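Listed below are the residues making up each chain.
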Amino acid sequence: LLNQLREITGSTDVRILQQALQVSNGDLGEAVAFLTDRSSEAPQQNEATYYQTAQTGNDRHVNVGSQARANVIDLTGDDKEDLQRAIALSLEESSRTFQETGITDEEQAISRVLEASIAENKGSLTSTHMEVWSDPPNPHDRKRQENCPVGLKNVGNTCWFSAVIQSLFHLLEFQRLVLQYSPPANTQDLLCNQKEPRNLPFMQELRCLFSLMVGSKRRYVDPSRAVEILKGAFKSTDSQQQDVSEFSHKLLDWLEDAFQMKAEEEREGEQPKNPMVELFYGHFVAVGVLEGKKFENTETFGQYPLQVNGYKDLHESLEAAMIEGDIESLHSEKPGVSGQEHWFAELPPVLTFELSRFQFNQVLGRPEKIHNKLEFPAVLYLDRYLNRNRDITRVKRREMRRLKEHLLLLQQRLERYMSYGSGPKRCPLADVLEYTVEFASSQPILSSPSRAVDATGTQPGGTAAPPQPPFSASADPGSPNSTEGPLSAPFPQQRVPVHKPLTQSRVLPNPLGQPAPRFITEEELRVLEGCLQRWRSEVEKDTRELQGYISRIHTTMELMYSDTTLMQVPYRLHAVLVHEGQASAGHYWAYIFSPQLQHWLKFNDVSVTKSTWEELVRDSFGGYRNASAYCLMYVDDKKPFLVQEKFDKETGQMLSGLDKLPADLKEYVKEDNRLFEKELREWDMLQAHRAAVEKLASAMAGTSTESEAAQPDVLSHTVPCAPTACRQESEYMEQGSHAGNQEHWREDTERAVSQAAAQQEQHGPEGLLNAAIKLEYGRLLWLAQQDTSPENDPRLLYVMVYLIKNQAPKTILERTLLTQFADRDLSFNEQCKNIMKVAQEKLHSIRPEEVNIEEYETWHRDYHNFRETTVFLMIGLELFQKESYVEALMYLIYSYQYNKKLLSRGPYRGHDKELIAHYRRECLLRLNEHAAALFQSGEEPELSDGMTIMNELVVPCLPLLLANEEQAEERDMAAVEDIRNRWCSYLGQEMEPKLQETLTDFLPKLLDCSVETRSFRDPPRLPSLSTLELRERFSRVLTSLRQTSAKER
């Protein structure tokens, strides 16, 4: 409890923390409230004073030891040198902080103030909008892919639950313990005697949840029942995101209690072993001095808390956490000194580090997030922290302290060379010497700066006017009573130009304003240049030597623990839990390593995607955007059973799927799978029924199957559209007989008939039809084989080209050609009329077994969908070109989704995927910039318009760009990051309270990374276009865009 309270509040005063726990009877919530009330009653510092001290007071290990004492400067006296040294030290500390974290003091202060204001506004909102993901209506979109892990549905700000549960579930030893758990026989009696009666019901729900995650056929499962039990243990509303640290502690406490009851039942009279304790808990030895008295005792630990502020990597933070107080006091016999070391006596198989990314600001009374960078390795060697290596580690720590002290002295000495001077503006000493030579070598100017610019600048005779001595000087230095004016004073001997070795390659600035000495002799300049050149060489040599010493010390420190004797206890990184956002709002997800797949997986609510170490580093180390790790889970690398599947003792086969489950859970999962399979069948039957109804309606209307093909529901997995809107019929046809297409088809068919008639004079109508069909097929085959640009795509003119390129069956091609020649529009003369009648007879004589009519209709429905996709794309590009991005987005979104489904069935069934993705991405980015500009204006109705664009257009579209992240384009993912970064950048800016409130409500929606879309607009209604009009407009807009944005693409 003490460690948890210390982590939540950021306080390191053990006496105050113990007092808070005593007052609250061990309740963490009441203890935090007590500390908050206590700080509010204390005299308040002004904010400026707070921010001056907060940076060094955030961490208990920053100002300890000799380094802190060396940096203390007494400013109580009147010594100006002390004040200048204090300013220099402050600048040095600020520079070092920026180098380590990438964040300036000013940015940290601004971020802290803004986050505090956001938290205050968020707490004062009367109502908070809570998003709950809705399932896609098409169950096939919720079907699990083979060998893909199962995701967890976000049931209302529960990403914290998903991240922790997934990390534990993929600890296969933990998974087996949960699945094989059986409740004690006297459950009712135990529940009555337990302080927390919800742990056993939660354990049962966790077993059911784990069993579904093992064997479900669903892509993700619903954890609502387990979440509801957990939420009852937290004093918060449903809309609040839980503190994951608190949740993790509560979860492990409940599991420990549940297994303890089972262990006590099974081992009556013996000391029971709790598998949760053995898996997650270890022991450390505390060795130290308390008020001059030495002590040594053993303590148990679970999740180990670590500080982030002031440390660059995990080892530095862990080293500091293992030492409390002044380490020198451990070997001191003086009374009143205190300090202690921690040494791991027994490490748990699963070692969890809690990174203190959230700190409680006691002055402002609210939490803040720490964005500093903290690196951590994939493999962590813990030998140096073990009790058995205590002696060798102490020797190395002493050596490290000595090296650090020496390094500090060298860095301070180097800093004096690199930041020379006594004022606030400093520069390298070598540059100071060089600038001095430049000044001395510059041509002298007139005696007064005001006379430096002369109208002529020359004396009579064309010679340059010699420099004059100051007006205050006498005409003759040896005659003080001289009464002659300064202009009559004798001019000293004029020096000739001299060689300037340090500045000869420099171009002198404008001589009209160049500072220069009033007077300098050649001898003085020669001596000065010689000295300055020698001094500069000495300074550069000293600087290089110092840099070399510093580099060697860094190398020695890095290799201090690299010998093999201290690399025998490796722990491998299993999971990283990440938070993005600020202290009061954000989103959680987890990176988990899969030993079976040998790569990292990203678990983001319902989305489970393949990831990389580079992506993990970017999102977890901190210092990039507002994302950083808050929990690291390492496993003992010498205990592979922790993350590996077990094998069946009889068959020798690895257990997987339902084979891993006990009998009761196996039936539970099978029943859930049966329900899901039933849902799939019902959906398929419903779609088949709809298709049959549409087919019947088309036949009753007396129209051809080509013209009445229904629009496919390709967005059904992400877009819950109204039936009438999603199934709207287009007014154009792919094999048209409307007036707009009549001329186009007539010319092509006439040409084929005329050519056939010229070659087949003596044959009848049937022979003429066969010859015309062969000629037309040859022409269309040649078109299909040409490599044409998208602007001249022949598929838009001819359905046959589309069928040929996609390798349609021969029977489909023949029937399509017969349909073309059987068109009534060909009856303009007797010859064509006879061919039309023969073609119609052949169509009627085709038997069902010769041509599958359903297959024929499917091919033409696909072509119809291709044309509709083209119309969506064409209108979207036209609107994009006109900068009508709001209207263009819907057309581009639907064209991409329709096209994606077409391409899934063949590479020539749709358009260029990258082309549509580029303009969809650009449209979103420009809408985002427009909305951000409206937000920045802070005025109504611009502010509301900007938020409407983001909430109704941009945010719902982001999951479409991130869906199936392993297949998503890198540029799409980068665009999403750019959009989020644009809004997260406001966290470092001052703004009005109204804007802060709006930003607080909006950021959680933007940062939630789930790929499930909650709501979307219906597809726009398409206009009726002829084939020629569609081809012409599509070609025109593509040609125009290629000319104007070739470089951009």
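Residues numbered from 1 in each chain as written. Predicted model: local features only at pLDDT ≥ 70, side-chain atom pairs only at ≥ 80, totals over all residues. Heavy atoms only, no water.

A.B. asks: An account of the overall build of the protein is requested, with residue identities and associated values reported.
C.D. replies: Looking only at helices and strands, one finds 33 helices and 16 strands in the protein. Here the protein holds 1049 residues, and 48% of them are scored as buried. In the protein, the share of contacts with a sequence separation of at least 24, taken over all contacts with a separation of at least 6, comes to 73%. Put simply, the protein shows about 52200 Å² of open surface, and 51% of that area lies on carbon and sulfur atoms. (Helix = DSSP H or I, 4+ residues; strand = E, 2+ residues; numbered from the N terminus. Buried < 20%, exposed > 50% of the residue type's maximum accessible area, 1.4 Å probe, protein only. Contact = heavy atoms within 4.5 Å. Areas by Shrake-Rupley, 256 points an atom, 1.4 Å probe, with all protein chains shown as cover.)

A.B. asks: Please set out the pairing of strand β13 (residues 585–594) residue by residue, giving values where relevant.
C.D. replies: Across the 10 residues that make up β13, a large majority, nine, are buried. As judged from the eight bridges shared by strand β12 (residues 570–582) and β13, these two strands associate in the antiparallel manner. Considered in β13, the bridge of G581 is made with G586. Bridge count for β13 against strand β14 (residues 599–604) is five bridges, and the pairing is antiparallel. From the neighbouring strand, A590 faces β14, where its bridge partner is F603. (Pairing = 2+ DSSP bridges.)

A.B. asks: Let's hear about the nonpolar core: which residues, and what values?
C.D. replies: Judged by nonpolar contacts, the single largest core of 99 residues is most densely connected at L803, F821, L889, F935 and W983. Residues within four places of F935 in sequence aside, it is in contact with L943, M947, W983, Y986, M991, L995, T998 and L999. Ranked by size, the runner-up nonpolar core spans 63 residues in total, among them F169, F174, A258 and V635. (Core = buried A, V, L, I, M, F, W, Y, C linked by side-chain atoms within 4.5 Å.)

A.B. asks: With reference to specific residues and values, describe the packing of aromatic side chains.
C.D. replies: Tallying each qualifying case throughout the model produces 27 aromatic pairs. Counting every residue linked through ring pairs, the aromatic cluster contains F169, F174, F210 and F280. Geometry around Y561 places R384 over its ring, the cationic atom sitting 3.9 Å from the centre. Sitting over the face of the ring of Y856, R815 holds its NZ or CZ atom 4.9 Å from the ring centroid. (Phe/Tyr/Trp six-rings, centres within 6.5 Å; stacked < 30°, edge-to-face > 60°. Lys NZ or Arg CZ within 6 Å of the ring centre and 35° of its normal.)

A.B. asks: Describe the packing of helix α16 (residues 390–418) against helix α18 (residues 522–558), with residues and values.
C.D. replies: Think of two packed helices as two axes; the pair is described by the angle between the axes and how far apart they sit. The geometry of α16 relative to α18 is characterised by a closest axis approach of 10 Å and an angle of 155° between their N-to-C directions. As the angle between them shows, α16 and α18 are arranged roughly antiparallel. In this structure, α16 meets α18 at a crossing whose hand is left-handed. Residue-level inspection shows M400, L403, K404, H406, L407, L410, Q411, R413, L414, Y417 and M418 of α16 in contact with α18, the latter providing V539, D542, T543, L546, Q547, Y549, I550, I553, H554, T556 and M557. For the contact of α16 with α18, a count of residues per class yields 13 nonpolar, six polar and three charged. (Axes fitted to C-alpha atoms, helices over the stretch in contact; angles between N-to-C directions. Parallel < 35°, antiparallel > 145°, perpendicular 65-115°, else oblique. Left-handed = near helix turned anticlockwise from the far one by under 90°. Nonpolar A, V, L, I, M, F, W, Y, C, P; charged D, E, K, R; others polar.)

A.B. asks: Can you explain unusual backbone geometry? Please cite residues and give values.
C.D. replies: Excluding glycine, most residues fall at negative phi; most peptide bonds, likewise, are trans. Cis geometry marks the peptide bond from E940 to P941; its omega dihedral reads 5°. Phi is positive for N147, close to 65°, though the residue is something other than glycine. As for its position among the elements, N147 is in the loop between α7 (105–124) and β1 (151–152). Unusually for a residue other than glycine, E883 sits at a positive phi of about 65°. Mapped onto the elements, E883 comes out in the loop between α27 (853–881) and α28 (885–903).

A.B. asks: Account for the pairing of strand β15 (residues 607–611), with residues named and values stated.
C.D. replies: Among the five residues in β15, four count as buried, and that is most of the element. Relative to β15, β14 runs antiparallel, the two sharing five bridges. Its bridge partner lying in β15, K602 is registered against T609. Taking the residues that link successive antiparallel strands as the turn, the β14-β15 hairpin has two residues, and the phi of D605 there is positive, at about 55°.

A.B. asks: Can you tell me about the pattern of salt bridges, naming the residues and giving the values?
C.D. replies: Side chains carrying opposite charge are able to pair once their charged atoms draw close together. Applying the stated criterion across every chain, the model contains 37 salt bridges. K217 is the partner of E677 in a salt bridge, and the nearest nitrogen-oxygen pair spans 2.1 Å. Taken as a pair, E677 in helix α20 (residues 663–700) and K217 in the loop between α11 (199–215) and β2 (220–221) lie far apart in primary sequence, 460 residues in all. Judged by its relative accessible area of 38%, K217 falls in the partly exposed class. Notably, a salt bridge pairs E319 with R384, separated by 3.8 Å at the nearest N-O pair. Highlighted residues: E319 in helix α15 (residues 314–321) and R384 in the loop between β11 (379–381) and α16, separated in sequence by 65 residues. Taken as a pair, E319 and R384 share a single burial class, namely buried. A network of salt bridges, in which partner residues are shared, links E319, R384 and R397. (Salt bridge = Lys/Arg side-chain N within 4 Å of Asp/Glu carboxyl O.)

A.B. asks: Describe the side chain of H587, with residues and values.
C.D. replies: Inspection of the secondary structure puts H587 in strand β13. H587 gets classed as buried once you look at its relative accessible area, which sits at 0%. At 2.8 Å, the side chain of H587 forms a polar contact with the side chain of N604. (Polar contact = N/O pair within 3.5 Å; in protein donor to acceptor, adjacent residues only side chain to side chain.)

A.B. asks: I'd like to hear about a negative patch on the surface, residue by residue, with values.
C.D. replies: Taken together, the side chains of E939, E942, D945 and E992 present a region of like negative charge at the surface. The residue E992 is located in the loop between α31 (970–984) and α32 (993–1007) in this model. (Patch = residues over 30% accessible without salt bridge, like charges linked within 9 Å, V, L, I, M, F, W, Y side chains within 5 Å. Lys, Arg positive; Asp, Glu negative; His and termini not counted. Charge placed at Lys NZ, Arg CZ, Asp CG, Glu CD.)

A.B. asks: Would you mind going over α31 in detail, with residue names and values included?
C.D. replies: A rise of 1.5 Å per residue sets the reference length of α31, with its 15 residues, at 21 Å; its end C-alpha atoms lie 21 Å apart and thus fit the reference within 8%. Listed as buried for α31 are D972, A975, V976, E977, I979, R980, W983 and C984. The inward-facing, buried residues of α31 abut α19 (613–620), α29 (913–937), α30 (942–962) and α32. (Expected span 1.5 Å × (residues − 1).)

A.B. asks: Could you give an account of the state of the cysteines, with specific residues and numbers?
C.D. replies: Such a bond, covalent and formed between the sulfur atoms of two cysteines, is termed a disulfide. One pass over the structure, following the stated rule, counts zero disulfides. We note that C957 lacks a disulfide partner, and the nearest cysteine sulfur, in C923, lies 8.6 Å from it. (Disulfide = S-S within 2.5 Å.)

A.B. asks: Got a sec to walk through the environment of V871? Specific residues and values, please.
C.D. replies: Relative to the helices and strands, V871 is located in helix α27. You can call V871 buried: its relative accessible area is 0%. The sequence separation of V871 and F1034 amounts to 163 residues, and the corresponding C-alpha distance is 8.1 Å.

A.B. asks: So what's going on with the confidence of the model for the protein? Residues and values would help.
C.D. replies: For the protein, the average pLDDT comes to 75, and 70% of its residues sit at 70 or higher. No element of the protein has a lower mean pLDDT than helix α21 (residues 723–726), at 32, and none a higher one than β11, at 94. This model gives residues 702–742 a pLDDT under 50, and the stretch forms 101 contacts once residues within four places in sequence are excluded. (pLDDT = per-residue confidence, 0-100.)

A.B. asks: I'd love a proper account of the packing of helix α17 (residues 429–441) against α18, names of residues and values included.
C.D. replies: At a closest axis distance of 9 Å, the pairing of α17 and α18 adopts a crossing angle of 165°. Taken together, the axes of α17 and α18 lie roughly antiparallel to each other. Along this stretch, α17 crosses α18, giving a crossing that reads as left-handed. Contacts between α17 and α18 pair L429, A430, L433, E434, T436, V437, A440 and S441 from the former with L525, L528, E529, L532, W535, R536, V539 and E540 from the latter. In terms of residue class, the contact of α17 with α18 is made up of 10 nonpolar, two polar and four charged.

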